[in-house]
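Inside the fold
If you want the building blocks of each chain, they are given just below.
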Amino acid sequence: LLEATARHDMEAIVTMPGIPHLPAPKTWAIDTAAMQAFIGVGERTTTDLCTRLGSHKSLKGVYQSYESPISGRWLPVSYKTYEQVASLVHNVSVRHCKRRLQFALSPYWAVKKGGDNTTFEDSIAGIAALAAQPNIDIIAPQEGRGTGKSALFWPHEADLQVASVDPNL
């Protein structure tokens, strides 16, 4: 991956192990009992990444694949956990890569009408709360467009039919 991105003068953000979460029906809830073990795994995998590939010019950072929603009852734990993992990645990468790798995450927007989801305003507040965390570098929201849970659009598209913007939907 890194060689391919370098050939095309691009940067790569590679995945790291996902934060442990509870099984259904509490799928979005972080398994706090497993976090101490996860922090150890995160430190070892980040150290290994830096040792083997830290000097690679296309390595930009790491992506946390735990897909937390951006609003709801589990958020205080999610935000604290994201911040803890981001801080770990930054500290370990500065020590072992001799530079600060960026930390990226991709929270899940879910504002489907008629469900038990939250409002668009709650989602905006959730993204703002994540952006306020000092160690989170990149927020790439999963907008749920293909699942009908939410859709991002430009202001000029607000009154357009979805089919006129994206015929595949």
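Here goes a summary of the coordinates provided. (Residues numbered from 1 in each chain as written. Predicted model: local features only at pLDDT ≥ 70, side-chain atom pairs only at ≥ 80, totals over all residues. Heavy atoms only, no water.)

Here's the deal with the overall build of the protein
Check the secondary structure of the protein and you find five helices and four strands. When the helices and strands of the protein are listed from N to C terminus, the series reads α-β-α-β-α-β-α-β-α. A burial count over the protein gives 38% of its 169 residues as buried. For the protein, the proportion of contacts with a sequence separation of at least 24, taken over those separated by at least 6, is 70%. Carbon together with sulfur atoms contributes 56% to the accessible area of the protein, which is approximately 9900 Å² in total. (Helix = DSSP H or I, 4+ residues; strand = E, 2+ residues; numbered from the N terminus. Buried < 20%, exposed > 50% of the residue type's maximum accessible area, 1.4 Å probe, protein only. Contact = heavy atoms within 4.5 Å. Areas by Shrake-Rupley, 256 points an atom, 1.4 Å probe, with all protein chains shown as cover.)

So, the pairing of strand β3 (residues 102-105)
Examined bridge by bridge, strand β2 (residues 59-64) and β3 share four bridges and lie parallel to one another. Its bridge partner being in β3, Q64 is matched across the sheet by L105. Of the strand pairs in this sheet, β3 and strand β4 (residues 138-139) are connected by two bridges, and their pairing is parallel. The partner of A104 across the bridge, within β4, is I138. (Pairing = 2+ DSSP bridges.)

Some words on the sheet that holds strand β1 (residues 12-16)
On the basis of which strands lie adjacent, the open sheet formed by four strands has the order β1-β2-β3-β4 and parallel pairing. Taken across any chain shown, the strands that pair with only one partner, and hence form the sheet edges, are β1 and β4. Sheet contacts for helix α2 (residues 35-53): β1 and β2; angle to β2, the most-contacted strand, approximately 160 degrees. (Axes fitted to C-alpha atoms, helices over the stretch in contact; angles between N-to-C directions.)

A closer look at the side chain of H56
Within the secondary structure, H56 is located in the loop between α2 and β2. Excluding anything up to four places from it in sequence, H56 contacts L2, E3, A6 and R99.

Some details on the pairing of β1
Here β1 pairs with β2 via five bridges, running parallel. If you follow V14 over to β2, its bridge partner there is V62.

Notes on the nonpolar core
Ranked by internal contacts, the top residues of the largest apolar core, which has 30 residues, are I19, V62, Y82, V85, L101 and F103. At the level of secondary structure, the elements contributing two or more residues to this core comprise β1, α2, β2, α3 (75-96), β3 and α4 (120-131). (Core = buried A, V, L, I, M, F, W, Y, C linked by side-chain atoms within 4.5 Å.)

Some words on the packing of α2 against α3
In contact at an axis separation of 9 Å, α2 and α3 are set at 30 degrees when each is read in the N-to-C sense. As for the relative orientation of α2 and α3, their crossing is right-handed in sense. Residues M35, F38, I39, G42, E43, T46, T47 and C50 of α2 form the contact with α3, whose participating residues are T81, Q84, V85, L88, V89, V92, S93, R95 and H96. Per-class residue counts for the contact of α2 with α3 are eight nonpolar, seven polar and two charged. (Left-handed = near helix turned anticlockwise from the far one by under 90°. Nonpolar A, V, L, I, M, F, W, Y, C, P; charged D, E, K, R; others polar.)

Comments concerning the pattern of salt bridges
On inspection of all chains with the given rule, the structure shows four salt bridges. Between E43 and R95 there is a salt bridge, with its nearest N and O atoms 3.4 Å apart. Taken as a pair, E43 in helix α2 and R95 in helix α3 lie far apart in primary sequence, 52 residues in all. According to the relative accessible area criterion, E43 is partly exposed, its value standing at 33%. Since its relative accessible area comes to 44%, R95 is described here as partly exposed. For D137, the salt bridge identified is with R100, shortest N-O distance 3.2 Å. With D137 in the loop between α4 and β4 and R100 in the loop between α3 and β3, this residue pair connects regions lying 37 residues apart in the sequence. (Salt bridge = Lys/Arg side-chain N within 4 Å of Asp/Glu carboxyl O.)

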